[in-house]
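Chain residues, written in single-letter form:
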Amino acid sequence: MTVISSSGGVRIRVSGARGPRGLASGPLGAGSVDAETISDSGPEQELIREKIGAGPINFSHDDIADEGSIVDKLKREVHVEDAPWLANSVIVLDKAAKVQEAIDFVSALGGGTVKYGHSGDSYTFADGINLRRNVTLQGPTGRADPGNPFAGRAGFYEALAVVPKLILGSGASITHEGAGCLQSCYILREGTPTDGTADPDDFEGTAILTGTTDAVAIRDCSILGFEFAALSTGTARIIWADVLIDCLNGPRQETSYDKNTYSSVHCYGVLQGDVGPTSALTLRSGAGFYLGGEFNGGPTLFNCFEYGFNVGFHVACPGSYKFVACWSDGPHNAGTERPLDPNSVGIYCVSASPAHIVAEPQFVGITVSAKGTGAVLGGDIYGATLIFGAHIYLCNVCINCSAENVVFMGALRSYFDGGIIFNSPDAAYSAKVPFSIFYNPQVSSTFEINCGFGEPILTGTSRADGNMRLVNVVPFRTTRDDAGLVIVPDHRETFEVGQITASFTGSISGTTLTVTATSGGRIAVGSVIAGSGVTVGTKVIGKLTGKGLTGTYIVDTSQTAASQAMTGTLGTVGAIGDFYPRIPGKIIEPVFPASGYSLTGSNFRLGSAFAPGVDGSIRLRCSADGSQYRELSRGPF
């Protein structure tokens, strides 16, 4: 080993070598170089002198023979097992306290790295660890991730039994002060079995806590046996990379006004034994990843994975989110092949408070499988939700959407109940599902898209193994003009519908038509008025107080006609055009639930102008077999 003396001039002697896992393996020769003298002045030198006391500081640095300041070397790294913190030949009862002491010492020098574990020891912390600012706490190896949730467990348990661990007692946590890193640490709750017999019901506590700080890094760690892997509140510049988690909840981020990154963070059950993909032991009751609080500036999750959590990725507050190449998965029922947890959700974008989410989430190259619902997009999302290159399969429902302005492009396969459900016309009308493939061999499914009485844009979208089945589809939006005529807006194709007739009680004096009661339809500019003593061809050319119902209108021919039953017929109308892409061969037929409708012809196609009935409502037969109806309006338009 290297010894730095506390007397006068300092001589650095290098000896020893590194064995497997960085453990000392015996002397292989010696060499020496000169280094600076520890002076009597300066706070850092005094701190070192105080720590050295009458004894040496033993170093285990690979590069300790390099020229440089002793202070620099101490900042670079301090090994907990080296004197004066621990000496391999001395029994130290409170080893955990020595870890905290080494962290505090390096922090006082301005920061650096504290290493542990090259002696093979684990440390139990009843009161947790305070990881000071600018300090990295580093274990001896990278994480031992079995990689496959259902294979390689024996080797994982063997490694877990012997690897140096940071063991946190009940209620204890690691408090991360920022500008530092937890590197290559195995962090376990005290009492967590490491032989595959763990019970998730026993998981408790929070492994890592971060508050209002920044530059928090967790790299190459395994976090096992807690209720929460981490809770970050007000933390900026969080970096998680290459972390394995088996807890009831993965990282929980509450409010951050900065960009945070989660890369290759994998949350799944590894502690419950070598069980298969149909076992309930793989289920976890919480969220794999939770992003909530008041606001989150711009978290990015790349190549993150969760298995068996009730919610895979939960977005619960305003922010701008990016999920790239992430995967949400779960166990399935061995008999039905349905998701084992029917209430599970892969992607859950729903506000946790009444405040709207201004989320604009982006999901690129994601995969969701074996969840009750692949993705739930709440109506409180503002802005566009973009899902590109997604693959969602073996879910009861792939997407349940209340949000507006959703763009989905990907593949939906093997959905047991349905592909996409839109929960409102606005959600469907504003949605775009272009160039997507539906493939569904599941005979239990009854539809590809439930349009929620609207219709999304489906350009280039088809089903690979059959016909696209759309239910509750109404392929246009309606508005009304000042006369109350219901109009289908937009621009592409025009069709003609038959005459539309209003029935009412009215009288004419000069060029003023006065309507005192209506029994069906609406009066519009262009309506031809008929009645006893009414000049043939009299036409409404303007409105005074009337807007389709009772009130006064201007007619083109001056005359006198007593109050009586009259009709107003709007001649053949050129429709404005269809607002959304037509479904080939789809015909929408009018259904008259009340008297007062007068629409000639057996049907009318997309893009029609029509008037509502006496009760102010229109119903349309929307499905090919006529079983689905949509009441477009209740009361006057």
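Residues numbered from 1 in each chain as written. Predicted model: local features only at pLDDT ≥ 70, side-chain atom pairs only at ≥ 80, totals over all residues. Heavy atoms only, no water.

Draft legend 1. A look at the packing of aromatic side chains. Enumeration according to the criterion identifies 10 aromatic pairs in this entry. Ring geometry for Tyr-415 against Phe-438: centres 6.2 Å apart, planes inclined by 85°, an arrangement best described as edge-to-face. You can see Tyr-415 sitting in the loop between strand 33 (406-413) and strand 34 (418-422) and its partner Phe-438 sitting in strand 35 (residues 437-439), a full 23 residues away along the chain. One exposure class covers both Tyr-415 and Phe-438, and it is buried. Members of the aromatic cluster, joined through ring pairs, are Phe-289, Phe-313, Phe-323 and Phe-363. (Phe/Tyr/Trp six-rings, centres within 6.5 Å; stacked < 30°, edge-to-face > 60°. Helix = DSSP H or I, 4+ residues; strand = E, 2+ residues; numbered from the N terminus. Buried < 20%, exposed > 50% of the residue type's maximum accessible area, 1.4 Å probe, protein only.)

Draft legend 2. Structural detail: the pairing of strand 33. Relative to strand 33, strand 31 (residues 385-393) is paired through eight bridges, and the arrangement is parallel. When the sheet's bridge partners are listed, Ile-387 is paired in strand 33 with Phe-408. (Pairing = 2+ DSSP bridges.)

Draft legend 3. The arrangement of unusual backbone geometry in detail. For Asn-303, which is not glycine, the phi torsion reads 55° and is therefore positive. Of note, Asn-303 is situated in the loop between strand 22 (300-302) and strand 23 (305-307). With phi around 55°, Ala-370 is a residue other than glycine that occupies positive phi space. With respect to the helices and strands, Ala-370 occurs in the loop between strand 29 (367-369) and strand 30 (373-377).

Draft legend 4. Structural context of the pattern of salt bridges. Evaluation of the coordinates by the stated rule reveals 12 salt bridges. Arg-252 serves as the salt-bridge partner of Glu-254, at 3.0 Å between the closest nitrogen and oxygen. Its relative accessible area of 17% is what places Glu-254 among the buried residues. Residues Lys-371 and Glu-306 are paired through a salt bridge, measuring 3.0 Å at the closest nitrogen-oxygen approach. Of this pair, Lys-371 sits in the loop between strand 29 and strand 30 while Glu-306 sits in strand 23, and the two are 65 residues apart along the sequence. Counted as one network, the salt bridges with shared partners bring together Glu-448, Arg-463, Asp-465 and Arg-469. (Salt bridge = Lys/Arg side-chain N within 4 Å of Asp/Glu carboxyl O.)

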